[in-house]
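# Chain and residue survey
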Amino acid sequence: MKKLRKILERVIEAMLTVSGAVTSIAILLIVAFLFREGLGLFKSPTVERGYAVYVNSANPVQSLLPWQLKEIFDFQIENWNELGGPDEEIRVFRFNEIFSLYTDEQLDADNDYALLPERLAEVIAANPAIIAYLPQRYAPVEDESVKTVQTGTITMAQFFLGRKWMPTAKPAAQFGVLPLVLGTLMVSFMAILIALPLGLGVAIYMSELASERVRRLLKPAIELLAGIPSVVYGFFGLVVLVPLVQRTFNLDVGETAFTGSLILAIMALPTIITVAEDAMRNTPRAMREASLAMGATDWQTIYRVVIPYSLSGISAAVVLGIGRAIGETMAVLMVTGNAAVMPHTLFEPVRTIPATIAAELGEAASGSSHYQALFMLGCILFVITLIVSITAEAISKRKHEVGV
Amino acid sequence: MIETKKVDFFYGDFQALKNISMRMDKNTVTAFIGPSGCGKSTFLRLFNRMNDLIPDIHLKGECLIDGQDIYARGVEVDELRKKVGMVFQKPNPFPKSIFENVAYGLRVNGMRDKNFIEQRVEESLQSAALWGEVKDKLRKSAFELSGGQQQRLCIARALAISPSIVLMDEPASALDPISTAKIEELIHDLKKHYTIVIVTHNMQQAARVSDKTGFFMLGELIEFSDTKKMFINPEKEQTQNYITGRFG
């Protein structure tokens, strides 16, 4: 009997160990997967796989950067001399144009367009100032009149410092995350700026000043707020806050970074309040009594003893609040207007990292550079939250060590 | 000087103190003894109005310090507490440095003068017989001290604002014998400058440190007399039974 029990205990112990190990490994694998998918981006070609950019061999331009490609095909760069070439107007050629230049017979349409490469070569040879974006399958053979432009792979600098996020632009997608990162930081920072003083204020009121009856009513009400799904908050934001912000600040659109901050602040409040309040209420009675016994007033006791004592709990509250703000997707997606452009003020539409991932992952082909770029965004988000929580850890540790 | 006249004290409907009148003179040590729940701590906490923190209490009778009724209207509780310091059962230093713990009372009373604060901190630590042990680590956290040192720090903290009365609520009950001996010695020294009231569970301690002793039971003051007399020749049988260890 006793032996059986011992064996049973061993088995349970082993199961607990295994479940712990499995969880840790799963988390590590998820992170590894995230980074593996994301880092693939820096090996991807600038131009979509299966396509290439061609020019006339007479053209001295050897290689083009993604932003240059984009501006050429958007007709913002119109002359080769802007790119170090001859003073000639650029002739942009898209694949479809070939069908208006030649008939199906000329292209041998019945025979899987067997003559297409030849015809394309003719077009390129005839136009020294041409630039053509073509599928490699029908691409002309490189010879004395046709040459492929080197477009290289996406670099880290382009990704982290790029100011344009246009993941579906042709021929070269623009993966500059700066507007997204700035949008995220702006919205989150502003949200914390609003939520923190308010949340700490309510926490202090609830733990120190409110009567027992008020507290018993208020606390469940606040905890209830934490349970509302974010899409409902988003809906509320869209219907109430967006028009309100638009009217109050007399804006063209109400879907701004500021609106996002407001909704995020409301969403982060319950977390900040409950965690901070719990921390403050955990201040030992002896600590308060010691302070009061020396003639300190209630308020002096709060800010000289209770708050320093509960600093680690308060910083936990801040981190959880920031964590929620940075990672929050749905509500922000619904109220910030989602314009992936560099934000200049709080009252412009912005787009955050999580909103971008949520909105675009569905349409990004698995394994494409767009898909990899979205994973890279996930990595950035991961690193930001990691930094935030390490900082908080450091703050709460410091209090225990010195506590001046 | 502390004087109470016919004090009744209630927690809600429960009467914790019954008709207590007594007088504690300047520069004496008065000990309160009695079994748990007898009301001795409640009585002690009347003198700095610490009981005010508990909801639903009330008091009848008068409680005078230096002739002034401290429960009269218009009495500033924080001013009262500056005059009547308190040391608690468990050492309860703040999560601050040793220096800041002692300086706390001065700071909350609006003291800004750095030199004065430093001087007062040193004096208080010396009065609490702790200066020699901590003078080289004043900026270290108070939590790094031993339990006995922490309690002496709390005494220094109470002394820093120059109270005239020091209340001690079982100040040595959480300490080892050596630390206890140090605290008792300290109480002896402090008598010169302060009026001390101490609650204790330890009868030998009461006998060693106090001039007068009050014996409480079930909210009543059974006997109050000179310590020597109380321990050698008590008047009441209940006192006799308690100090000889027959109950309690």
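The numbering scheme is per chain: residues are counted from 1 as the chain's sequence reads. Key to labels: chains lettered from A, ligands numbered from 1, both in the order written. Reporting in this predicted model follows two pLDDT cut-offs: at least 70 for local features of residues, and 80 or more for side-chain atom pairs to be given and counted; totals over whole chains, interfaces and linings ignore these cut-offs and use all residues.

## Topic: the overall build of chain A
Summing up its helical and strand segments, chain A has 16 helices and six strands in all. By the compact-globule yardstick of 22 Å for 404 residues, chain A is too spread out, its C-alpha radius of gyration being 30 Å. Taken over the C-alpha atoms alone, chain A extends approximately 95 × 75 × 40 Å along its principal axes. Each residue is classed by its C-beta neighbour count within 10 Å, where at least 20 other C-beta atoms makes it buried, 12 or fewer makes it exposed, and intermediate counts make it partly exposed; the C-beta atoms are placed from backbone geometry. Expressed as a percentage of its 404 residues, the buried residues of chain A come to 37%. Long-range pairs, those at least 24 residues apart, make up 71% of the contacts in chain A between residues at least 6 apart in sequence. Strands are runs of DSSP state E lasting at least 2 residues, helices are runs of H or I lasting at least 4, and numbering of each runs from the N terminus. Values of the radius of gyration come from C-alpha atoms, whereas the globule rule sets the reference at 2.2 Å times the count of residues to the power 0.38. Throughout, a residue-residue contact means that the two C-beta atoms, derived from backbone geometry, are no farther apart than 7 Å.

## Remarks on the overall build of chain B
Assigned secondary structure in chain B consists of ten helices and ten strands. Against the globule reference of 18 Å for 248 residues, chain B gives a C-alpha radius of gyration of 18 Å, in line with a compact fold. Counting across all 248 residues of chain B, residues that qualify as buried make up 48%. Considering only contacts in chain B between residues 6 or more positions apart, those separated by 24 or more positions represent 68%.

## Structural notes on the confidence of the model for chain A
The predictor rates its confidence in each residue with pLDDT, a number between 0 and 100. Residues with a pLDDT of 70 or more make up 98% of chain A, whose mean pLDDT is 87. For chain A, helix α4 (residues 104-107) of chain A is the element with the lowest average pLDDT, namely 81, and helix α1 (residues 2-39) of chain A is the one with the highest, namely 94.

## Considerations on the sheet that holds strand β7 (residues 165-169) of chain B
Working definition: the strands of a sheet are paired by backbone hydrogen bonds and lie parallel or antiparallel to each other. Residues and elements named next belong to chain B. Pairing between strands is defined by DSSP: at least two bridges between the two strands are required. With mixed pairing, the six strands of this open sheet are ordered in space as β6-β7-β8-β3-β9-β10. Lying at the two open borders of the sheet, with one neighbouring strand each, are β6 (84-87) and β10 (220-226). For this sheet, the mean inter-axis angle between neighbouring strands, taken without regard to orientation, is 15 degrees. With five bridges joining them, β7 and strand β8 (residues 195-199) adopt parallel strand pairing. Each residue of the ladder has a partner; that of Val 166, found in β8, is Ile 196. Here an angle of 0 to 180 degrees is reported between the N-to-C directions of two axes, which are lines fitted to C-alpha atoms, with helices fitted over the stretch in contact. Contacts from helix α6 (residues 147-160) reach β6 and β7 within the one sheet, and its direction differs from that of β6 by about 170 degrees.

## Regarding the packing of helix α7 (residues 178-209) of chain A against helix α10 (residues 257-281) of chain A
All names here are of chain A. Closest axis-to-axis distance for the α7/α10 pair is 6 Å, and the angle between their directions is 35 degrees. Here α7 and α10 pass one another in a crossing that is right-handed. Taken together, the residues that form the contact of α7 with α10 break down as 24 nonpolar, six polar and three charged. Helix crossings are classified by the rotation of the near helix relative to the far one: an anticlockwise turn of less than a right angle makes the crossing left-handed, while a clockwise turn makes it right-handed. Gly is put with the polar residues, along with every residue not named as nonpolar or charged; the nonpolar set is Ala, Val, Leu, Ile, Met, Phe, Trp, Tyr, Cys and Pro, and the charged set is Asp, Glu, Lys and Arg.

## Comments concerning the packing of helix α4 (residues 114-127) of chain B against α6 of chain B
All names here are of chain B. It is the contact of α4 with α6, at a shortest axis distance of 8 Å, that shows an interaxial angle of 130 degrees. The orientation of α4 with respect to α6, classified from their angle, is oblique. Here α4 runs over α6; the crossing is right-handed. Residues Arg 120, Val 121, Ser 124, Leu 125 and Ser 127 of α4 pack against Ala 156, Leu 159 and Ala 160 of α6. Taken together, the residues that form the contact of α4 with α6 break down as five nonpolar, two polar and one charged. Working rule for angles: under 35 degrees goes down as roughly parallel, over 145 as roughly antiparallel, 65 to 115 as roughly perpendicular, anything else as oblique.

## Remarks on the sheet that holds strand β1 (residues 2-11) of chain B
Residue and element names in this part refer to chain B. With antiparallel pairing, the four strands of this open sheet are ordered in space as β2-β1-β4-β5. In this open sheet, the two strands that pair with only one neighbour each are β2 (14-24) and β5 (68-69). Examined bridge by bridge, strand β4 (residues 57-65) and β5 share two bridges and lie antiparallel to one another. Bridging from a neighbouring strand, Ile 65 pairs with Gln 68 of β5.

## Concerning the pairing of β6 of chain B
All names here are of chain B. Taking every second residue as pointing to the same face, both faces of β6 are buried, with Val 84 and Met 86 on one and Gly 85 and Val 87 on the other. Bridge count between β6 and β7: four bridges; the pairing is parallel. Considered in β7, the bridge of Val 84 is made with Ile 165.

## Thoughts on the interface of chain B and chain A
Taken together, the contacts link 22 residues of chain B with 19 residues of chain A. Those elements that place two or more of their residues in the side of chain B that touches chain A are α2 (77-83), β6 and α3 (98-108) of chain B. For the side of chain B that touches chain A, the class distribution of residues is eight nonpolar, seven polar and seven charged.

## Structural notes on the domain arrangement of chain A
Per the domain assignment, the segments making up chain A are domain 1 (53-152) and domain 2 (178-401). The split of the chain into domains comes from an automatic or database domain assignment. When each unit is reduced to the centre of its C-alpha atoms, the spacing between domain 1 of chain A and domain 2 of chain A is 51 Å.

## Some points on the environment of Ser 57 of chain A
Residue and element names in this part refer to chain A. For Ser 57, the location among the structural elements is in the loop between β1 (51-56) and α2 (66-73). Remark: the alpha-carbon pair of Ser 57 and Ile 124, spanning 67 residues in sequence, is separated by 8.9 Å. Those residues in contact with Ser 57 that lie beyond four places of it in its chain are Glu 144, Ser 145, Val 146 and Lys 147.

## Some thoughts on helix α8 (residues 212-226) of chain A
The terminal C-alpha atoms of α8 of chain A lie 22 Å apart, and with 15 residues this matches the ideal 21 Å at 1.5 Å per residue to within 8%. Where burial is concerned, little of α8 of chain A is hidden: one out of the 15 residues are buried. To estimate how far a helix should reach, multiply one less than its number of residues by 1.5 Å.

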